[in-house]
Amino acid sequence: MLAFLSFAITLLPLAASFMHPGLLVSDSDITRAQGKIKASQDPWTTSWDTLTSLSFSDASYTPSPVSVIYRSAWYDNAENAELLWHDVAAAFNLALRWKISRNTSFADTASNILYSWATTLTSIGGGDDKYLTAGLQGYELANAAELLRDYEPFATNVLPAVVKMANNIFISMHYRWLNHEEPSEHIILHFFANWELCNVASAMAMGVLTDNQTVWNFAVNYFKTGDGTGAINNAITNIVQEPGRGALLGQGQESGRDQGHSALDIQLLGVIGQQAWNQGEDLFAYNDSRILRGTEYFARYNLGNDVPFVPYTNGLVSFTEISSASRGAIRPTWELLYNHYVTKKRIDAPWTTLFLNKSLEYYGGAEGGSGSWGEGAGHYDGSDLQICFARGKSHVNHLYYIYFGS
Ligand SMILES: *[C@@H]1O[C@H](CO)[C@@H](O)[C@H](O)[C@H]1NC(C)=O
Ligand SMILES: *[C@@H]1O[C@H](CO)[C@@H](O)[C@H](O)[C@H]1NC(C)=O
Ligand SMILES: *[C@@H]1O[C@H](CO)[C@@H](O)[C@H](O)[C@H]1NC(C)=O
Ligand SMILES: *[C@@H]1O[C@H](CO)[C@@H](O)[C@H](O)[C@H]1NC(C)=O
């Protein structure tokens, strides 16, 4: 009977084969974090104390759902997207707090936040930047829901509504955007990489959340071979050689624009890599670790060193040199990247290593997540809270990665 069962299982289609929770945070990450916190080890304890001190992690947090979200006043006719990015940050933090503490008060509050949005939101409105909201807040929202899915009251009472919202609002927008169906996308490379990378990240996350292999495959295939800037070979446009050392570096699609958006691209590549990794797909390694090439290029330049620059044009803008605008930009992601490439894979990544040091100095010992290090889109888009990805002797040490960026 047992032999028959395992035979039958191997014949099942792949459709239901996702790991859960299987986005930025896995159950083994939670178990590890619990142990470190219980043993009062740092930096886990510092990150945990930060997490639990935030109003975004409080069981009394109340959501502010609206039926239509607009990202920016100058672009759209209204601006209320911070209601969503705050609530999504809170949902993620609270879900994480529940997972680690096992106190269901936090799961109930997180569930309630997601339920309120799933039953109130009817569309993401405004101009093209609605796709930023769909992508950036989309993957964050999916990460929050994914953490809650083994909380029975959530699974029974809330998950179906969240899945419906994912299908009706988010996933269809990711398809439309990445298939370049908007008139503004008639030049395929028109939109800077962060606009597409966040939609790739969210399509992946929504695919796992909704258990839909078609959506997952769409996102992963786009990342590998898509024709827009969210495909890795277009997000990291050129492989160049580091002066002196001769190591390979990857010039980013937004390098000639500014470093703040380039930093967001690096964050989003980290999200994509980590989400895929937790599903057994190694996008971190794809095309000779092209994500790492990009990370090393960014880190070297933003630590004050020179990098080669290949002239770039997408048919609309042209850059002949790297931009020094917002040089030195820091966003929380370096624990994740360092952890994957250096701690786990033992790959030499000197600039990423140095940049992690800079980031840790900036954040005071542990990279902060959404709600812990400032207000405004830049502190929420792509800023999933992060507790301790790096350091520690083995494997992935990340505990929470609250990411909210544009
Ligand atoms: C769970 O968290 C709630 C909200 O912070 C708190 O009031 C309650 O005492 C906690 N329960 C336990 C068993 O720690
Ligand atoms: C999976 O996603 C695709 C693309 O959005 C959709 O056509 C299909 O209906 C979805 N499948 C299920 C079971 O929801
Ligand atoms: C890897 O990148 C190079 C350009 O640097 C490109 O020619 C090649 O097609 C890429 N391979 C894959 C598998 O994406
Ligand atoms: C950063 O590097 C310096 C020099 O090696 C070291 O003294 C410092 O402790 C490091 N900071 C962190 C936060 O690791």
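Given the structure is predicted, the values throughout are model-derived calculations rather than measurements. Positions within a chain are numbered from 1, following the residues in the order the chain's sequence is written. Here the convention is simple: chains get letters from A, ligands get numbers from 1, in the order in which they are written. Restriction of local features to residues with pLDDT of at least 70 applies here, the model being predicted, together with a cutoff of 80 or more for giving and counting side-chain atom pairs; totals for whole chains, interfaces and linings are based on all residues. Heavy atoms from the whole structure form the basis of all side-chain values; hydrogens and water molecules are not counted.

1. As for the packing of aromatic side chains
So, point 1. A pair of aromatic rings is counted whenever rings of Phe, Tyr or Trp (Trp by its six-membered ring) have centres within 6.5 Å, and the orientation is called stacked for planes under 30 degrees apart, edge-to-face for over 60 and tilted otherwise. According to the stated counting rule, one finds 14 aromatic pairs in the structure shown.
So, point 2. For the ring pair Phe284 and Tyr341, a centre distance of 5.5 Å and an interplane angle of 80 degrees mean the geometry is edge-to-face. Note that Phe284 is positioned in the loop between helix H12 (259-277) and helix H13 (286-302) and Tyr341 in helix H14 (residues 334-344), a separation of 57 residues in sequence. Neither residue differs from the other here; Phe284 and Tyr341 are each classed as buried.
So, point 3. Put simply, the rings of Tyr131, Trp177, Phe191 and Trp195 touch in pairs and so form one group of aromatic residues.
So, point 4. Whether a charge sits over a ring comes down to the Lys NZ or Arg CZ being within 6 Å of the ring centre and within 35 degrees of the ring normal. Positioned above the aromatic ring of Trp44, the side-chain terminus of Lys36 is 4.7 Å from the ring centre.
So, point 5. Over the aromatic face of Tyr301 sits the side chain of Arg327, whose NZ or CZ is 3.6 Å from the ring centroid. By the criteria applied, helices consist of DSSP H or I runs no shorter than four residues and strands consist of E runs no shorter than two, each listed in order from the N terminus. Only protein chains enter the accessibility calculation, which uses a 1.4 Å probe; a residue is then buried when its area is under 20% of its type maximum, exposed when over 50%, and partly exposed in between.

2. So, the site of ligand 1
So, point 1. Distances are taken per atom, and a residue is near a molecule or strand as soon as one of its heavy atoms is within 4 Å of it. The full set of residues close to ligand 1 is Ala59, Asn103, Ser105 and Phe106.
So, point 2. Areas reported here follow the Shrake-Rupley algorithm with a probe of radius 1.4 Å; residue values treat only the protein chains shown as occluding. Calculation on ligand 1 without its partners gives an accessible area of 360 Å², and the protein chains cover 29% of this total.

3. Let's talk about the site of ligand 2
So, point 1. The environment of ligand 2 is made up of Ile171, Tyr175, Asn212 and Val215.
So, point 2. Identification of polar contacts relies on pairs of N or O atoms within 3.5 Å, with a donor-acceptor requirement for protein atoms, meaning one able to donate a hydrogen and the other able to accept it, and with residues adjacent in sequence counted only if both atoms are side-chain atoms. One of the side-chain nitrogen or oxygen atoms of Asn212 is found 2.3 Å away from an oxygen atom of ligand 2.
So, point 3. Taken by itself ligand 2 offers 360 Å² of open surface, and the protein chains cover 36% of this.
So, point 4. Here the residues of the shell around ligand 2 sort into 3 nonpolar, 1 polar and no charged. Asp, Glu, Lys and Arg are counted as charged, while Ala, Val, Leu, Ile, Met, Phe, Trp, Tyr, Cys and Pro are counted as nonpolar; the rest, among them Gly, fall into the polar class.

4. Here's the deal with the nonpolar core
So, point 1. One finds Leu114, Phe154, Val162, Phe170 and Met204 to be the most contacted residues of the largest nonpolar core, which totals 124 residues.
So, point 2. No other element matches the 13 residues that helix H4 (residues 81-101) contributes to this core.
So, point 3. When sequence neighbours within four positions are dropped, the list of residues in contact with Phe154 reads Ser111, Leu114, Ala145, Leu148, Arg149, Leu159 and Val162. Nonpolar cores are built from buried Ala, Val, Leu, Ile, Met, Phe, Trp, Tyr and Cys residues. Side-chain atoms within 4.5 Å join them into one set. We call two residues in contact when some of their heavy atoms are within 4.5 Å.

5. Quick notes on the pairing of strand E4 (residues 248-252)
So, point 1. Within E4, 4 of the 5 residues are buried, which leaves the element mostly enclosed by the surrounding structure.
So, point 2. Pairing between strands is defined by DSSP: at least two bridges between the two strands are required. Strand direction decides the pairing type here: strand E3 (residues 236-241) and E4, joined by 5 bridges, are antiparallel. Each bridged residue has a counterpart across the sheet, and for Val240 the counterpart in E4 is Leu249.
So, point 3. Here E3 folds back onto E4 in antiparallel fashion, the turn holding 6 residues, of which Gly244 has a positive phi close to 85 degrees.

6. Focus: the confidence of the model for the protein
So, point 1. A residue's pLDDT is the confidence the predictor assigns to it, expressed on a 0 to 100 scale. Confidence along the protein averages 89 in pLDDT terms, with 89% of residues attaining 70 or more.
So, point 2. Below a pLDDT of 50 lies the segment residues 385-406, which in the model reaches 158 contacts outside its immediate sequence neighbourhood of four places, other chains included.

7. Points about the side chain of Arg300
So, point 1. Along the chain, Arg300 turns up in helix H13.
So, point 2. In this structure, Arg300 is in contact with Glu242, Pro243, Leu249, Asn305, Asp306, Val307 and Trp351, ignoring residues within four places of it in sequence.

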